[in-house]
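One letter stands for each residue in the lines below.
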Amino acid sequence: MALRKSWFGSDAVAWACGLGCIAAAMPSHAQQATTAGAVTAPYPTLENISLEWAVSGDSDADGAVTVRYRPAGSSEWHQGLPLRRILAGEAEGFSWDHRHAGSLFHLAPDTAYEIELTLTDPDGGSDQRTLTVTTRPVPAAAADARRRQVTAASLEAQLSSAEPGDLLLLADGDYDGFIVEADGSEDQPIVIRAEHAGQAQIQGDVRLDGRAFVYLEGLSVHGMIKLNDSEGIVVRGCTVTTEDHGIVAYGSGSTNGYFCDNTVTGPTEWRNDATGANGDNLGEGIQLTGPGNVICHNRVRGFRDCLSTLEDDEAVDQTSIDIYGNDLEVCADDAIEADFTMGNTRVYSNRITRSFVGLSSQPSLGGPAYFIRNLMYNILYSPFKLHRGSVGDVALHNTVVKCGDAFAVYTDDAWYDAWFRNNLFIGGSGGGTFGGYDNGDGAVATLSAADASCSFDYDGYGSTGTGRFEGRIGEARFSSLEQMQSATTEKHAVEVDLSVFASDVTHPDEPFPGPEFPDLTLAEGSAAVDSGQVLANVNDGYSGDAPDLGALEFGQTPPSYGPRSSDGTGGTGGTGGTSGTGGLGAQSGTGGRVQSGAGAPPSETGGTGGTGGTGGRSQSGAGAPASETGGTGGTGGRSQSGAGAPASETGGTGGTGARRGTGGTGGRSQSGAGAPPSETGGTAAEAEQPAGAAGVSRGASDGDDAGADGGCGCRTPGRGRTSTLGGLVLGLLLMMRRSRRR
């Protein structure tokens, strides 16, 4: 890491400064004025827009960028969070350039937004830029899709003759695993859909390697769904039951994929010897590399890591990624492993329980990596794993209830430029050794490696059953709230306990099997109510005198977690041509987008769809896809309460099929806001390593570092060091695990 020093003024300046000032390390002739470069908005998603403004100069890092936005044509502007000031840096073999970067949150799908960025630098170079960016629509079959009835006997022939715009309806029954070798297009995808959700049972793997714009909907897969080197893939409303990995994409990964409303179940059980980097655990629930991916409203259970990006030299352009609304349980290492992300990764409104680590950022490569309004209960080790020199993590409005230390990052590697606001951290009794690692004795904060460039404030801390309030942030130690406030940046911190919640919450000091996830809504008048900081575009619409701490604003409806239900009419046919009555993915209904919580993602509610040939995909909510006409309909119905949300299904066990990877299709580059990726052609090696990817493969040495799989990477003396033999065994396991990715 380059030399750094702390520099914070007002909250707005502290936010914009981001990486902190390094003027003391700069030569005296360095340019203090900003030279503004290009503004881009790469890979817009359905709900969020990434913003990047390249700059040079500004050697004292006092430039700041404010943001405002509005739907195109509207007269009313809305304020966004200021962009983060990202200084050029490097970590783990990756590097990044100077820029301001940040996101707009909770937008409507398929909507154009006018955005105004204002750069201010007291040394000169101030500028203003405007741009218009359109969010992606909810994926849907073509309005004029051609319906093709499929049986197990005809599947191979139907797949071999599939063309863009085809809708393959799989009848109930058992099917062998299959490989798709045809591409759809953005407007004319190939849709492979169960005629009745969950009743088309695929006994083996489904392979979409190198494919573009192929949708899988409502299938029950007993194996793995693999989509290396792909673009525009949709996996929606599927049930995946696996003895290995669930939904995965390696090589160049997935670009602009949509993986939502699925139920993914793996082989790992919740017991102490299964937890941690060295535990008896297996499988990745959903694991993808690549940009622009949306992973939302899935229920994932029983894996080493439930949701994951890739690490080291396997990480490819991991930017503009949304992970939200997921319900995650029994994640024996990390619930969400957002490692090696490269800016504007957004992890929000997820519910996590029975996990070793809650949210991993090991490391963030410059940031910003956002973690917003996540609920974490019965987390064994760290709620946030910010190891391997993580830079630029932003954590806002998260709720954590666990045994042992409340907010702990156990590493000797300094981590930089984190920004924490409005979180709730409650630890306490029950601490000990889990998965070979010590989670402390109930300190409210154990953050000894936090660099002085990090900023913490407006957070709530507590320790249940210990009678103590003590901890460490950076070099500062404290044994009371008053000492924390005077010795650290937590000037507005409050002390909390389990009474901040409206319901009786059991402290998870016996984590196996552990209590069920409780109601973590706040009690009226508690210490967490009205104790937060106002954050534009994050907690807009708060009630009371100020925003509340934690993930759930008092008096507002909590968001939904896991697959969104679909019950009613509408479905696979009808006047829309792509869907009608009965079946999956219907978007019928008259509901709009209601934002129920401060900064909460919008939820959509629907009415009932049409029947027979008159059913359709009309939806009057904001950002809903246009109503469609034509086509033939079925009978029965499945209306939907979430955008494109199918019903969740569960399945039994089945064969895992082959797992050998195939060659890639070349790289993908993207230039300009929302530009579609272009493929460079060529074939990739079966090893599926992206050509020229920077990075260092980190193997296990003496057990301190979790190696290429991330794991805990603790490097903390006395915290679960393993023997050299254990390191060799772990190394062999990691090699075997990587070989299964191919």
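Preceding this section is the structure that the text describes.
Below: a short report on this structure. Note that the coordinates shown come from a computational prediction; the quantities given were computed from them, not determined experimentally. In this convention, every chain numbers its residues from 1, walking through the sequence in written order. In view of the model being predicted, local features appear only for residues whose pLDDT reaches at least 70, and side-chain atom pairs are presented and counted only at 80 or more, with totals across whole chains, interfaces and linings using the full set of residues. Computation of side-chain values: all heavy atoms of the structure, hydrogens and water removed.

Section: the overall build of the chain
Secondary structure assignment for the chain yields four helices and 52 strands. Buried residues are those whose accessible area, probed at 1.4 Å on protein chains only, stays under 20% of the maximum for their type, while exposed residues exceed 50% and partly exposed ones sit between those limits. Within the chain, the proportion of its 742 residues that are buried is 64%. We call two residues in contact whenever any of their non-hydrogen atoms come within 4.5 Å of each other. Considering only residue pairs separated by 6 or more positions, the chain has 70% of its internal contacts joining residues 24 or more positions apart. Working definition of accessibility: Shrake-Rupley area with a 1.4 Å probe, residue cover restricted to the visible protein chains. Total accessible area on the chain stands at roughly 23,300 Å², and carbon and sulfur atoms take up 50% of it. Only runs of H or I of at least four residues qualify as helices and only runs of E of at least two qualify as strands under DSSP, and these elements are numbered from the N terminus.

Topic: the sheet that holds strand β43 (residues 445-447)
Strands were regarded as paired on the criterion that DSSP finds at least two bridges between them. The four strands are arranged β38-β43-β46-β47 in an open sheet whose pairing can be described as mixed. Unpaired on one side and paired on the other, β38 (407-408) and β47 (476-478) mark the two borders of the sheet. Relative to β47, strand β46 (residues 471-473) runs antiparallel, the two being bridged by three bridges. Bridge assignment links R472 to a residue of β47, and that residue is R477.

Comments concerning the pairing of strand β32 (residues 351-360)
Burial within β32 is extensive, with nine of its ten residues counted as buried. Where strand β30 (residues 327-337) and β32 come together, seven bridges link them in parallel fashion. Each bridged residue has a counterpart across the sheet, and for D327 the counterpart in β32 is R351. Where β32 meets strand β34 (residues 375-379), four bridges bridge the pair, whose relative direction is parallel. Its bridge partner being in β34, T353 is matched across the sheet by Y377.

So, the sheet that holds strand β10 (residues 127-134)
With antiparallel pairing, the four strands of this open sheet are ordered in space as β4-β3-β9-β10. The sheet is open, and its two edges are formed by β4 (78-80) and β10, each paired on a single side. Sheet twist, expressed as the average angle between the axes of neighbouring strands with direction ignored, equals 25 degrees. Sheet analysis places strand β9 (residues 112-120) next to β10, joined by eight bridges and oriented antiparallel. Each residue of the ladder has a partner; that of I115, found in β10, is L131. Orientation is described by axes fitted as lines to C-alpha atoms, over the contacting stretch for helices, and by angles from 0 to 180 degrees between their N-to-C directions.

Structural notes on the state of the cysteines
Structurally, a disulfide amounts to a covalent bond that connects the sulfur atoms of two cysteines. By disulfide we mean two sulfur atoms from cysteines, separated by a distance within 2.5 Å. Applying the stated criterion across every chain yields a total of two disulfides. The disulfide partner of C260 is C296, and the gap between their sulfur atoms is 2.2 Å. Judged by the sign of its S-S torsion, about 115 degrees, the cystine formed by C260 and C296 is right-handed. In this pair, C260 is assigned in strand β24 (residues 258-260) and C296 in strand β27 (residues 294-296), connecting sequence segments 36 residues apart. Considered together, C260 and C296 belong to a single accessibility category, that of buried residues. Note that C306 is cross-linked by a disulfide to C331, the S-S spacing being 2.2 Å. Taking the torsion about the sulfur-sulfur bond, which here is approximately -95 degrees, the covalent link between C306 and C331 counts as left-handed. Here C306, found in strand β28 (residues 299-308), pairs with C331, found in strand β30; they are 25 residues apart in sequence, far enough to count as distant. Cysteine pairing for the chain (bonded cysteines numbered in sequence order): 1-2, 3-4.

Comments concerning the nonpolar core
Residues belong to a common nonpolar core when they are buried Ala, Val, Leu, Ile, Met, Phe, Trp, Tyr or Cys residues joined through side-chain atoms within 4.5 Å. Counting residues in hydrophobic clusters, the biggest one holds 78 residues, and the most contacted among them are I192, L219, F384 and W415. Leaving out residues up to four positions away in the same chain, I192 has contacts with L159, L168, L170, F178, V180, V214, Y215, L216, E217 and L219. Core analysis: the second largest hydrophobic core is formed by 25 residues, A142, L169, V294 and V394 among them.

Some details on the packing of aromatic side chains
Here a Phe, Tyr or Trp ring, Trp counted by its six-membered ring, pairs with any other such ring whose centre lies within 6.5 Å, and the pair is stacked when the planes are under 30 degrees apart, edge-to-face when over 60, and tilted otherwise. Evaluated as defined, the whole model comprises 22 aromatic pairs. Relative to Y370, the ring of F105 has its centre 5.0 Å away and its plane inclined at 90 degrees; by these criteria the two rings are edge-to-face. One end of the pair, F105, is in the loop between β8 (99-104) and β9; the other, Y370, is in strand β33 (residues 365-372), and 265 residues separate them in sequence. Like Y370, F105 is buried.

With respect to the pattern of salt bridges
Whenever a carboxyl oxygen of Asp or Glu lies within 4 Å of a side-chain nitrogen of Lys or Arg, that contact is scored as a salt bridge. Per the counting criterion, the structure on display carries 27 salt bridges. Residues R146 and D166 are paired through a salt bridge, measuring 2.9 Å at the closest nitrogen-oxygen approach. Of this pair, R146 sits in strand β11 (residues 146-150) while D166 sits in strand β12 (residues 166-170); the two residues are 20 residues apart in sequence, bridging distant segments of the chain. Among the residues examined, R146 registers a relative accessible area of 37% and is labelled partly exposed. We note a salt bridge from R472 to E475, for which the minimum N-O separation is 3.7 Å.

Things to note about the pairing of β8
The buried fraction of β8 is high, at six of six residues. Across the two faces of β8 the burial is the same, with R99, A101 and S103 and H100, G102 and L104 all buried. Where strand β2 (residues 49-57) meets β8, six bridges bridge the pair, whose relative direction is antiparallel. When the sheet's bridge partners are listed, E52 is paired in β8 with A101. Strand direction decides the pairing type here: strand β5 (residues 84-86) and β8, joined by three bridges, are antiparallel. By the bridge assignment for β8, R84 is matched with A101.

Notes on the environment of N423
Mapping N423 onto the fold places it in the loop between β39 (419-421) and β40 (424-428). For the pair N423 and Y461, spaced 38 residues apart in the sequence, the C-alpha separation amounts to 8.5 Å. Every residue in contact with N423, bar those within four places of it in the chain, is listed here: A395, L396, H397, N398, Y458, D459, G460, L549 and G550. Of the polar contacts made by the side chain of N423, one reaches the backbone oxygen of R421; its length is 3.1 Å. In protein, a polar contact requires one atom able to donate a hydrogen and another able to accept it; more generally it is a pair of N or O atoms within 3.5 Å, and residues adjacent in sequence count only if both atoms are side-chain atoms.

Re the environment of D312
Residue placement: D312 occurs in the loop between β28 and β29 (321-324). Look at D312 and you get buried, because its relative accessible area is 0%. With 51 residues separating them in the primary sequence, D312 and P363 have C-alpha atoms 9.8 Å apart. Within the structure, the side chain of D312 is placed 2.8 Å from the side chain of R388, a separation counted as a polar contact.

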